[in-house]
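Chain by chain, the residues:
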Amino acid sequence: MLSSIKSYAKDFTHLIFPHHCEGCGTDVLNDDDLLCAKCLHELPATNYFSSANNPVEKIFYGRCNIVSAAAAFYFTKNSLLQHLLIQLKYKSNKEVGYFLGRLMGLQMQQSNKFNCIDALVPLPLNPKKESKRGYNQAALICEGITEILQIPILYNAVERVVFTETQTKQDRIHRWQNMENVFAIQNLASIQNKHILLVDDVVTTGATLEACANAILQNTNTKLSIATVAYTI
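Residues numbered from 1 in each chain as written. Predicted model: local features only at pLDDT ≥ 70, side-chain atom pairs only at ≥ 80, totals over all residues. Heavy atoms only, no water.

J.: Please provide a residue-by-residue account of the overall build of the chain, values included.
T.: On a plain count of helices and strands, the chain comes out with 10 helices and 6 strands. Scored against the burial criterion, the 233 residues of the chain give a buried share of 47%. Nonlocal contacts in the chain, meaning residues at least 24 apart in sequence, comprise 72% of its contacts between residues at least 6 apart. Accessible surface, the chain as shown: approximately 12400 Å² in total, 51% of it carbon and sulfur. (Helix = DSSP H or I, 4+ residues; strand = E, 2+ residues; numbered from the N terminus. Buried < 20%, exposed > 50% of the residue type's maximum accessible area, 1.4 Å probe, protein only. Contact = heavy atoms within 4.5 Å. Areas by Shrake-Rupley, 256 points an atom, 1.4 Å probe, with all protein chains shown as cover.)

J.: How would you sum up helix α7 (residues 137-149)? Please name residues and give values.
T.: Over its 13 residues, α7 runs 19 Å from end to end, which matches the ideal 18 Å to within 8%, given 1.5 Å per residue. For α7, the set of buried residues is Gln-137, Ala-138, Ala-139, Leu-140, Ile-141, Cys-142, Gly-144, Ile-145 and Thr-146. As for α7, its buried residues are in contact with α4 (80-90), α5 (94-109), β2 (119-122), α6 (127-133), β5 (195-203) and β6 (223-232). Where α7 begins, one side-chain oxygen reaches toward the backbone nitrogen of Ala-138, 3.0 Å away; that side chain belongs to Asn-136. One or two residues past the end of α7 sits Gln-150, with phi positive at roughly 55°. (Expected span 1.5 Å × (residues − 1). Polar contact = N/O pair within 3.5 Å; in protein donor to acceptor, adjacent residues only side chain to side chain.)

J.: I'd like to hear about the packing of α5 against α7, residue by residue, with values.
T.: One way to put it is that α5 packs onto α7 with a least axis distance of 6 Å and a crossing angle of 45°. As judged from the angle between their axes, α5 and α7 are oblique. For α5 against α7, the interelement crossing comes out right-handed. Each of Lys-94, Gly-97, Tyr-98, Gly-101, Arg-102, Met-104, Gly-105, Leu-106, Met-108 and Gln-109 in α5 lies in contact with α7, whose residues at this interface are Leu-140, Ile-141, Glu-143, Gly-144, Ile-145, Glu-147, Ile-148 and Leu-149. (Axes fitted to C-alpha atoms, helices over the stretch in contact; angles between N-to-C directions. Parallel < 35°, antiparallel > 145°, perpendicular 65-115°, else oblique. Left-handed = near helix turned anticlockwise from the far one by under 90°.)

J.: Quick rundown of the packing of α4 against α5? Include the residues and the values.
T.: Put simply, α4 and α5 touch, their axes get as near as 7 Å, and they point 130° apart. It follows that α4 is oblique to α5 by the angle criterion. Crossing angle aside, the handedness with which α4 passes α5 is left-handed. Of α5, the residues touching α4 (which contributes Leu-81, Leu-84, Leu-85, Gln-87 and Leu-88) are Val-96, Gly-97 and Leu-100.

J.: Explain the side chain of Arg-63 to me, and be specific about the residues and the numbers.
T.: With respect to the helices and strands, the residue Arg-63 is situated in the loop between α3 (55-59) and β1 (69-75). In terms of polar contacts, Arg-63 uses its side chain to reach the backbone carbonyl oxygen of Ile-59, at 2.9 Å. Among the polar contacts made by the side chain of Arg-63, one reaches the main-chain carbonyl oxygen of Thr-205 at a distance of 3.1 Å.

J.: Explain the environment of Lys-38 to me, using residue names and the numbers behind them.
T.: By secondary structure assignment, the location of Lys-38 is in helix α2 (residues 37-42). Taking the relative accessible area as the measure of exposure, Lys-38 reaches 55% and is therefore exposed. C-alpha of Lys-38 to C-alpha of Cys-21: the two residues are 17 residues apart in sequence and 9.9 Å apart in space.

J.: Please provide a residue-by-residue account of the pairing of β2, values included.
T.: Residues of β2 alternate between two faces, with Ala-119 and Val-121 on one and Leu-120 and Pro-122 on the opposite face, all of them buried. Judged from the 4 bridges that link them, β2 and β5 form a sheet pairing that is parallel. Bridge assignment links Val-121 to a residue of β5, and that residue is Leu-198. (Pairing = 2+ DSSP bridges.)

J.: Requested: an account of unusual backbone geometry, with residues and values cited.
T.: One non-glycine residue with positive phi stands out, namely Asn-53, at about 55°. Summarising the element assignment, Asn-53 is placed in the loop between α2 and α3. For Asn-53, a relative accessible area of 46% puts it in the partly exposed group. Although it is not a glycine, Ser-92 sits at a positive phi angle of roughly 60°.

J.: Can you tell me about the sheet that holds β2, naming the residues and giving the values?
T.: Within the open sheet, the 4 strands sit side by side as β1-β6-β5-β2. Their pairing is parallel. Every interior strand has two partners, whereas the edge strands, β1 and β2, have only one. Adjacent strand axes in the sheet meet at a mean angle of 20°, parallel and antiparallel pairs treated alike. Where β5 lies against β6, 8 bridges are found, and the strand directions are parallel. Directly across from Asp-200, in β6, lies its bridge partner Thr-228.

J.: Provide a residue-level description of the layout of surface pockets, including the pertinent values.
T.: Estimated volume of the second largest pocket: approximately 220 Å³. Surrounding the second largest pocket, 13 residues form its lining, Pro-124, Glu-130, Tyr-155, Asn-156 and Val-158 being those nearest its centre. Looking at side-chain class alone, the lining of the second largest pocket contains 7 nonpolar, 3 polar and 3 charged residues. (1 Å grid on protein atoms, 1.4 Å probe; cavity = no way out; pocket = protein on both sides within 12 Å on 5 of 7 lines; lining within 4 Å. Points joined across faces, edges and corners; volume = space filled by probe spheres on them. Nonpolar A, V, L, I, M, F, W, Y, C, P; charged D, E, K, R; others polar.)

Any functional reading would require information beyond the geometric quantities listed.
Pasting the structure below:
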């Protein structure tokens, strides 16, 4: 009897407050899911979390001394993944960040390359940009990851001390030049002698992640890996 009442209540709530797939709009999905099974299957997984010498790792060869690097999905224009990232970064849809983070956590859970991480560090936003947006999307992704892996998040270990304009339309050289001395360590003790996973939403040239990574790696005995939701192809 009680289970029937709960079922009726759930159906009534779904009728009044329908929950739709962010991809195709269907309401045939669990309340806790952002995508239906069909759309989830269509996300272009890279399998990089289990692949040595993958293209994301190769971005950083000779640029910073990382242990591993990976991205969960391929990014292409006008794709479902682009829609999700727009929702996350510009439409205040925080649930997308948690959801994508959980997907990353599940991929990392199946990989031996990322099973010795001590703490997560979200790539910092400049305080002005974070205040305007209301949150750091990388921090939301970290919170999704830690739901799966139970790894602590170091929110204030690194700070972005220089404001930079968006780099989406700049070439590789200008991106690197713009990132000089942008990041500074704020809590040295929190990252020393640990294996840190630096997390962001998208990796393209890797200039921003490289700058932050090298700021972290200036500290003795700190190991670093990098993980992003998407890799631009």
